[in-house]
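Architecture and fold: a report
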Amino acid sequence: MRGVVVAAIITVLAIFTQVPLLVGYVPVIWAGEEEWEAPSGEKVTIDQLINGKHVVEERIMGNMEYYDGKMITIEGEVIGDIMYRGDYAWITVNDDPYSLRKSLEEGGDFVGLSNQGIGVWVSREAAKKIMTCGGYKNKGDIVSITGEFHRACHEHGGDTDIHAANLEVISSGYAFSHPFSYGKLLAVMVLSLICIYLYYLRHQKIKKVIREE
Amino acid sequence: MILRPSREDLKIIGWAIGRIILGIALIMLIPLVVSLACSEWSAALDFLVGILACVAFWLIVENVCYVKKDLGWFHGLIVASAGWITAMLFGAIPHFLSGHFRSYLDACFDLMSGYTTTGLYLLQDLDHVSHGLNMWRHLLTYAGGQGIIVIALTFLFAGTAGAFKIYVSEGKEERLLPNVIRTARAIWMVSLTYLWVGSGFLWIALTKEGMPLGRGFLHAVWLFMGSWSTGGFAPQALNLLYYHSFWVEFITLIIFVIGSFNFALHYSVWMGDRKEILRNVEVRSFATTVLIGVFVLSLGFGKLGIYTTLPEFFRKGFYNLVSGHTTTGNSTIYSVSFLREFGWLAMWATVFCMAIGASACSTGGGFKGLRMGVIFRYLRGEVRRLVSPDASVITEKIHHIRDIWLNDAIVKGAMFIVISYMVIYSLGAMLGIIYGYEPSVAIFDAISAGSNTGLSAGLTSPLMPALLKLFYIFEMWAGRLEFISVFALLGFAGALVRGKGKRSILRRRR
């Protein structure tokens, strides 16, 4: 009996370890790659990632201690809002494929993971260069930012941020329209008809019950 | 002998679930209006489809399940547990149609996370979602915080004696007023009053911090809903870090601490008994465990030399610790920072607080302060008994609205729930480890899901295995309902398959 239990446990464990392959599990790897694809598409090595070459957000977040205090360059979409604070402003830059290529709202493809973005502290003049922020109806400006990365910025209450020394708008954002879905409209019409019919049935049933009582 | 539920039992349960789904349709009207007001036509269609599907379901069960009987205790338990699952399936329709989810399972995950005020999410490209969908995400967590049964009771169950049975089955034992429907309405009165006050303060803070007035208003309402319900959702992927604002963090901290307290405590204070705040066992338990957490956190940060100033400690350490303790999940750091920046001690201080969780009959999850108080007093009583003469009688009491003398039934009840939580935490962690995730990350996210917290150390993502998603959905659901209803549903399923005869559970109860 005991042998059967042990065999069952081993079988379950064996199945579990195979399940990742069945359900398409891809482990997230933070560091250790020889090459990294920059947002612009070029292949760069780990040494090139700092001091002058683009760094992707995922790479920074996985190696915060390494990049702390270093000058880095990131490239991404300005999303959300520009929040002015005196002579400076906060912007959020995201460099995941939804931002750099097409957002899901614009008809982009699923890529698996979306980034959180990173807060960038920019001067008011630099922020004024940004015309469009990304959102449901807009593709935001794509900017290139060079600045100092802080894993826990003392000036901003420990925020993880970048203090921009230079901001360049690479491509302007634009408003886009959502294609009208006739499939959804059809679903609304069919469901409406079903609801009307069911409501009629319910009404008849209530009348019948009242009559019986 | 296990009796098979009769057709009548199924009809009673179906009828009540239909009412809950109608409640979901009514809530969906709000994001529909927001979508229309913001000219988000595609999102508006998503909500229309969702509303019509809910109404169609309600009408079907009204036609099929009409029965002239009221709910019994067992029915109440089944309605609560199955009602949440059905509400998840229907509520996920607008989510899935929005195109931000890779599968319907992912949409259901977010729905259950919202209803149970967990805050974990698999939605992709959050920064580009519509205002309508954001309203729905936050509204469902706000509604879930009060309890979706409470919503249905407030509007759709007027006059039924069985209402109390499903109210209790949702993990709420407090009756603020003699009538359970008036209790449900009192819960809403408390929550809506705080909604206007809290959103107002947040709106002022966000406008001061540079947000435009219109978007500032929407963000204020959403942040309030996410914080008060201890759900932890936020409209941007960076969560609270997006705002870079001490004041926004401070206000949300106050909101989620207040939100995590027992509705009975709120009502008692509203009725003028302010001393209850200091005497209540849950407040004392919360204060004690927060102090222990802060002590360990400061040891951890001191060792690492990170977040060294007081503002940094408050905004990155204390905020996230209390967010975890109240099972909120609002965060001012990146997910990976728990693992890579916090260090071992600070991370485990957060895990410890998450596991304990908020107050009973609140919007939060976890073991609950009340049970921690009961277990602590019981252990203290046992120690006192050991050192006292044999003939002495040692009794312990706790104060929760009134003095409660501890007896075996109360202690056993508390222990049973705490052990059940520990079992689902352990199973979730084991499953994550088996899938190859780092043990500390697997434990962190499993406890976060089971305690309905919503902080993540990086495991929860659309790429996680489907089985793990399913187990996390189970953890969130079972944790929120505090197990009894879930066990009842399992028993009901067993009785359907293996039960004998056709006797109604209703008749058997009588």
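In this text, all values refer to a predicted model and were calculated from it rather than measured experimentally.

This part covers the overall build of chain A. A tally of regular secondary structure across chain A gives seven helices and nine strands. Across the 213 residues in chain A, those meeting the buried criterion constitute 34%. Nonlocal contacts in chain A, meaning residues at least 24 apart in sequence, comprise 58% of its contacts between residues at least 6 apart.

Residue and element names in this part refer to chain A. Bridge analysis of strand β5 (residues 118-123) against strand β8 (residues 159-171) gives three bridges, and the strand direction is parallel. Within β8, the residue paired with Gly119 across the bridge is Asp161. Bridge count for strand β7 (residues 142-153) against β8 is ten bridges, and the pairing is antiparallel. In the sheet register, Ile142 faces β8, and the bridge partner there is Ser171. Turn length for the β7-β8 hairpin, with the two strands adjacent in sequence and antiparallel, is five residues, and the turn residue Gly157 shows positive phi of about 60°.

Let us look at the environment of Asp109 of chain A. Residues and elements named next belong to chain A. Within the fold, Asp109 resides in the loop between α5 (97-100) and β5. What makes Asp109 exposed here is the crowd of 9 C-beta atoms within 10 Å. Distance in space between the C-alpha atoms of Asp109 and Pro97 is 9.0 Å, their sequence separation being twelve residues.

Bringing the nonpolar core into the picture now. All names here are of chain B. Counting residues in each nonpolar core, the largest one holds 191 residues, and the members touching the most others are Ile21 and Cys54. When residues in this core are grouped by element, the largest group, 16 residues, is from helix α2 (residues 41-64). If sequence neighbours within four positions are ignored, Cys54 has contacts with Ile21, Leu22, Ile24, Ala25 and Phe90.

Right, let's get into the interface of chain A and chain B. For an interface, size is often stated in terms of accessible area lost upon the parts coming together. Between chain A and chain B, the residue contacts involve 57 residues of the former and 60 residues of the latter. Contributing elements (two or more residues each) for the side of chain A that touches chain B: α1 (2-22), α3 (57-62), β3 (71-85), β4 (88-94), β7, β8 and α7 (182-212) of chain A. Here the side of chain A that touches chain B gets 13 residues from one element, more than from any other, and that element is α7 of chain A.

Take the pairing of strand β2 (residues 402-405) of chain B next. Residues and elements named next belong to chain B. Looking at chain direction, strand β1 (residues 397-400) and β2 are connected through four bridges and run antiparallel. By the bridge assignment, Ile398 is partnered in β2 with Ile404. The hairpin turn running from β1 into β2, its antiparallel successor, is one residue long, and Ile401 in that turn takes a positive phi close to 65°.

Residues and elements named next belong to chain A. With mixed pairing, five strands are arranged side by side around a closed barrel as β3-β4-β5-β8-β7. When the angles between neighbouring strand axes are averaged without regard to direction, this sheet yields 50°. Summarising the sheet, β3 and β4 pair through six bridges and their orientation is antiparallel. By the bridge assignment for β4, Arg85 is matched with Tyr88.

A word on unusual backbone geometry. Residue and element names in this part refer to chain B. Its identity as a non-glycine residue notwithstanding, Tyr307 has a phi of 50°, on the positive side. You can see Tyr307 is positioned in the loop between α13 (281-304) and α14 (310-325). On the basis of neighbour count, Tyr307 is assigned to the buried category, with 27 C-beta atoms found within 10 Å. The phi torsion at Lys368 lies on the positive side, around 90°, for a residue other than glycine. By secondary structure assignment, the location of Lys368 is in the loop between α16 (343-356) and α17 (369-387).

Quick look at helix α18 (residues 408-434) of chain B now. Residue and element names in this part refer to chain B. When the terminal C-alpha atoms of α18 are compared, their 38 Å separation across 27 residues agrees well with the 39 Å that a helix rising 1.5 Å per residue should span. Of all the residues in α18, the buried ones are Ala414, Ile417, Tyr421, Ile424, Tyr425, Gly428, Ala429, Leu431 and Gly432. Those residues of α18 hidden inside the fold are in contact with α16, α17, α19 (439-450) and α20 (466-481). Looking at the residues trailing α18, positive phi occurs at Gly436, about 100°.

The subject of this paragraph is α7 of chain A. Side chains that are three or four residues apart share a direction in an α-helix, a result of its 3.6 residues per turn. Given a rise of 1.5 Å per residue, 31 residues ought to cover 45 Å, and the 45 Å separating the end C-alpha atoms of α7 of chain A matches this to within 8%. Across the 31 residues of α7 of chain A, one count as buried, placing the element largely on the outside.

Another point: the environment of Leu89 of chain B. Among the structural elements, Leu89 of chain B can be located in helix α3 (residues 73-97). C-alpha of Leu89 of chain B to C-alpha of Leu105 of chain B: the two residues are 16 residues apart in sequence and 9.3 Å apart in space.

Thresholds applied
- Residues numbered from 1 in each chain as written.
- Chains lettered and ligands numbered in written order.
- Predicted model: local features only at pLDDT ≥ 70, side-chain atom pairs only at ≥ 80, totals over all residues.
- Helix = DSSP H or I, 4+ residues; strand = E, 2+ residues; numbered from the N terminus.
- Buried ≥ 20, exposed ≤ 12 C-beta atoms within 10 Å, placed from the backbone.
- Contact = placed C-beta atoms within 7 Å.
- Pairing = 2+ DSSP bridges.
- Core = buried A, V, L, I, M, F, W, Y, C linked by C-beta atoms within 7 Å.
- Axes fitted to C-alpha atoms, helices over the stretch in contact; angles between N-to-C directions.
- Expected span 1.5 Å × (residues − 1).

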